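# Per-entry structural report
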Amino acid sequence: MHKKIISVICILFLLLTGFFPARQAGAAEDKAGVGYVALGDSLALGVGSSKSYVQRFYEQIKDRRGVKELTLIAEEQATSRDLLRFVTDPANREAIKKARVITIWFGAHDFMQAVRRNPHNYRQAGNELKENLITAVQLIRSINTGKDTTIYLLNFYNPAPGEKVPGVRATDPAEKKYEAFDLLIPYLNGFIADAVKQVNSDPYMPPVVIVDVFKSLQELGVAKYLGKGKDPIYQDYNNAHLSDAGHQAVAEALFKAPVSIRPGRPLAPSRVEEFSLPTNGAAVSADQGRLAVDFGNASLPANALLYVKTYEEPPFIVRGELLSPVYDLVLSFKPPQAFKISFKLDQSKVQGEKNIYLFEFKGNGQKLKVRQQNFDAATGTITASIKRGGLYGVVAVKNSFPDTAKHWARGEIEKIAGLAVIDGDEQGYFRPEQPVARAEAAKMLVEATGAEIEDSATATFSDVQSSAWYAPYVAAAAKAGLMQGYQGKFRPGDKLTRQELAVILERAYGSKIKGGNGGKLESYSDRQQVATWAQGAVNKLVEAGILKGRKKDKLAPAGVTTRAELAALLARLMS
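Residue positions are given per chain, counted from 1 along the sequence in the order it is written. In keeping with the model being predicted, local features are shown solely for residues with a pLDDT of at least 70 and side-chain atom pairs are shown and tallied solely at 80 or more, while totals for entire chains, interfaces and linings include all residues. Based on all heavy atoms of the structure, the side-chain values leave hydrogens and waters out of the count.

Let's shift gears to the overall build of the protein chain. Helix and strand assignments come from DSSP, with helices taken as H or I runs of at least 4 residues and strands as E runs of at least 2, each series counted from the N terminus. In terms of helices and strands, the protein chain carries 18 helices and 17 strands. The buried label applies to any residue whose accessible area, calculated with a 1.4 Å probe on protein chains only, is under 20% of its type's maximum; exposed applies above 50%, and partly exposed to all values in between. Relative to its 575 residues, the protein chain shows a buried fraction of 50%. In what follows, a contact means two residues having at least one pair of non-hydrogen atoms within 4.5 Å. Long-range pairs, those at least 24 residues apart, make up 74% of the contacts in the protein chain between residues at least 6 apart in sequence.

Here's what the structure looks like:
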């Protein structure tokens with residue numbers, strides 16, 4: 001008996017003195033995610049119904065998916081701008097961090113408010129909604145890093161089947177169809193689909209799941225999913241609300257939607273740092289001083305946040321020598337002006353003759369050279385001016401290739417490659433005799449001229465998909481007037497002839513092309529083969545010594561341009 005008492009006393013003593021490691025309350029739940037967070041407007045609040053889709057969906061998943069609590073973050077008439085406010089509010093951050101399921105449903109009031117201001121603002125409203133949704137998801141993923149967290153994004157439903165949008169009268173016949181809700185709503189849903197496509201290009205996080213509410217409610221039928229209203233929509237917001245049957249259909253669509261776990265998720269960030277920024281004079285130091293971000297005198301919104309995700313080993317192939325971690329800068333706001341970032345590099349990695357540049361990376365490893373940057377070899381610091389968040393890293397680019405060692409254009413190729421205008425392939429070869437397609441030419445021309453590449457720029461060509469690797473370059477080339485399409489198409493895969501290239505280069509460099517030091521078009525026996533529309537440009541480049549013959553007396557104007565030829569012409573123009 002005495003031994004049992006002594007044993008109990010010893011155990012109590014060990015517990016009180018901390019010999020046994022204490023379990024942190026809620027640690028396991030925080031890691032796995034225990035909550036459902038619903039971000040939305042009056043629909044999430046259930047205005048006009050006995051029970052909202054949020055409550056109905058919560059009842060379906062409670063205790064089934066490890067969900068134990070509901071946090072509703074919503075306001076009547078909330079827009080996607082309010083969504084950003086909800087996400088950045090410190091009071092909501094803990095719930096978002098612990099969530100296993102998150103639903104986002106915004107957009108109706110963005111659209112309605114925009115059209116009230118100007119009936120033709122539906123496209124602008126769609127673009128703003130898209131950008132706000134992308135930013136919100138990026139912030140949520142920075143706050144909540146759980147790989148088992150599912151984010152659902154709901155699209156528009158039709159609030160007025162068979163009716164016209166009040167005040168919208170399209171002046172362009174091609175947009176006539178958007179006067180009616182029945183065709184305008186699917187058009188606006190395209191912006192939401194584009195937002196999902198962009199955020200799902202991030203290889204580090206599980207994909208966002210889009211829930212097709214439009215389709216689910218259409219199948220239910222108009223008479224069942226819409227509440228009863230007396231006045232036309234837009235005179236009373238309540239008339240756009242769902243009935244009980246409509247809310248139930250949305251909840252069921254959510255319940256049937258897949259869970260967005262991506263098995264074997266690629267490499268997670270080594271560190272995630274959160275910075276609350278002051279409204280002015282914001283400057284931070286991250287990753288133990290290796291990265292500095294300075295917003296200067298810019299006026300920032302209240303509750304502005306910056307997340308810095310550090311990837312020591314990015315899960316994509318980087319062509320060249322990576323000299324720094326890759327940093328993912330996630331901002332809760334659109335910067336009002338360009339801001340400065342500085343990388344402090346390891347001095348041992350920057351010794352010798354290296355071509356060192358700061359790049360912005362896309363999710364597939366594609367890199368875009370930052371336009372305004374300066375490398376100080378003495379301090380090992382590279383500083384740049386950027387306009388947006390994203391993935392950034394410093395690379396020493398390769399400018400020599402095994403298949404160009406004895407090539408006639410070796411010098412020009414090494415010069416252009418050293419300026420990060422052109423690159424080799426994944427095997428490290430340049431392929432100098434490979435024909436150049438228009439898409440590749442757009443990339444090289446944009447890099448050579450320094451034309452601005454916008455983050456969300458999309459080329460207005462029917463044959464250029466926004467997800468294509470060359471889409472930002474085609475958009476930049478078209479905007480800068482460097483390259484043009486034909487009948488609404490860019491023809492990205494078409495091979496570029498030498499005379500077509502001459503016209504493009506003359507358009508790009510214009511007055512910078514000085515004549516008199518080259519040859520004469522008359523000296524080429526095939527000069528009659530130059531097309532009428534290209535004669536001026538070809539003659540100008542020949543006289544300037546930029547365009548030379550393939551043989552002593554053969555210009556080959558209709559011949560397909562090779563990578564070596566394009567590199568050589570650009571090198572001569574940039575001399």
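What follows continues from the structure just given.
Each axis is a line fitted through C-alpha atoms, and for a helix only the stretch in contact is used; angles between axes span 0 to 180 degrees, taken between their N-to-C directions. At their nearest, the axes of helix H8 (residues 122-143) and helix H9 (residues 181-199) sit 9 Å apart, and the two run at 30° to each other. Here H8 lies roughly parallel to H9, going by the angle between them. Between H8 and H9 the crossing geometry is right-handed. Taking contact as the criterion, the partners of Tyr122, Arg123, Gly126, Asn127, Leu129, Lys130, Leu133, Ile134, Val137 and Arg141 in H8 are, on H9, Leu184, Tyr187, Leu188, Phe191, Ile192, Asp194, Ala195, Gln198 and Val199. Gly falls in the polar group here, along with every residue not listed as nonpolar (Ala, Val, Leu, Ile, Met, Phe, Trp, Tyr, Cys, Pro) or charged (Asp, Glu, Lys, Arg). Within the contact of H8 with H9, the residues separate by chemical class into 12 nonpolar, 3 polar and 4 charged. Just so you know how the angles are binned, under 35 degrees is roughly parallel, over 145 roughly antiparallel, 65 to 115 roughly perpendicular, and the rest oblique. By the definition used in this description, the sense in which the near helix is turned from the far one sets the handedness, with an anticlockwise turn below a right angle giving left-handed and a clockwise turn giving right-handed.

With that out of the way, let us pick up the packing of aromatic side chains. For Phe, Tyr and Trp, rings pair up if their centres lie within 6.5 Å, where Trp contributes its six-membered ring, and each pair is then called stacked (planes under 30 degrees apart), edge-to-face (over 60) or tilted (otherwise). Taken as a whole and assessed by the stated rule, the structure comprises 15 aromatic pairs. A centroid spacing of 5.3 Å and a plane angle of 85° characterise the contact between Tyr36 and Phe57, whose relative ring orientation is edge-to-face. A residue pair is termed long-range when its members are at least 10 positions apart, and Tyr36 in strand S1 (residues 35-40) and Phe57 in helix H4 (residues 53-61) qualify at 21 residues. Per residue, the accessibility class of Tyr36 equals that of Phe57, and both read buried. The interplanar angle of 90° and the centroid separation of 5.5 Å between the aromatic rings of Tyr187 and Phe191 together place this pair among those described as edge-to-face. Of this pair, Tyr187 and Phe191 are both found in helix H9, 4 residues apart, which corresponds to roughly one turn of the helix. Classification of Tyr187 by relative accessible area gives partly exposed; the value is 21%. Counting every residue linked through ring pairs, the aromatic cluster contains Tyr53, Trp105, Tyr157 and Tyr225. Charges are assigned to positions over rings by a cutoff of 6 Å between ring centre and Lys NZ or Arg CZ, combined with an angular limit of 35 degrees from the ring normal. Looking at Lys367, its charged tip hangs above the ring of Phe359, at a distance of 5.4 Å from the centre. Taking NZ or CZ as reference, Lys369 lies 5.0 Å from the ring centre of Tyr357, over its face.

Criterion used throughout: strands pair if DSSP finds at least two bridges between them. Spatially, 5 strands are ordered S7-S8-S12-S16-S15 in an open sheet, and the strand pairing comes out antiparallel. Of all the strands in the sheet, the pair left with one neighbour each is strand S7 (283-286) and strand S15 (372-376). Along the sheet, successive strands turn relative to each other by an average axial angle of 15°, direction set aside. Sheet topology note: the strand S8 (residues 291-294)/strand S12 (residues 339-344) ladder contains 4 bridges and is antiparallel. Bridging from a neighbouring strand, Ala292 pairs with Ser342 of S12.

This prediction gives the protein chain a mean pLDDT of 83; 84% of its residues lie at or above 70. Think of pLDDT as the predictor's per-residue confidence, scored from 0 to 100. Ignoring residues within four places in sequence, the model shows residues 1-31, a span with pLDDT below 50, making 8 contacts including any to other chains. Low pLDDT (under 50) marks residues 229-238, which in the prediction has 22 contacts with non-local residues, meaning those over four places away or in another chain.

To continue, consider helix H17 (residues 535-543). The complete set of buried residues in H17 reads Ala537, Val538, Leu541 and Val542. On an axial view of H17, the arc spanned by its buried residues comes to 125°, and they lie on one face. The inward-facing, buried residues of H17 contact helix H16 (498-509). Positive phi shows up at Gly545, right after H17, with a value of about 80°. Directions are taken from the helix axis to each C-beta atom, and the arc is the one they span.

We count a salt bridge whenever a side-chain nitrogen from Lys or Arg sits within 4 Å of a carboxyl oxygen from Asp or Glu. For the structure shown, the criterion picks out 23 salt bridges. Notably, a salt bridge pairs Arg81 with Glu128, separated by 2.8 Å at the nearest N-O pair. Residue Arg81 is located in helix H5 (residues 80-88), and its partner Glu128 is located in helix H8; the two are separated by 47 residues in the primary sequence. Residue classification places Arg81 among the partly exposed residues on the basis of a relative accessible area of 37%. Residue classification places Glu128 among the partly exposed residues on the basis of a relative accessible area of 29%. Salt bridges linked by common partners bring Arg271, Asp287, Arg290 and Glu312 together as one network.

Here we come to the pairing of strand S11 (residues 326-331). Counting buried residues in S11 gives 6 out of 6 residues, a clear majority hidden from the surface. Side chains of S11 alternate between two faces, with Val326, Asp328 and Val330 and Tyr327, Leu329 and Leu331 buried alike. One ladder, built from 6 bridges, connects strand S9 (residues 305-311) with S11; its direction is antiparallel. When the sheet's bridge partners are listed, Thr310 is paired in S11 with Tyr327. Bridging between S11 and strand S17 (residues 390-397) involves 3 bridges; their strand directions are antiparallel. By the bridge assignment for S17, Leu329 is matched with Gly390.

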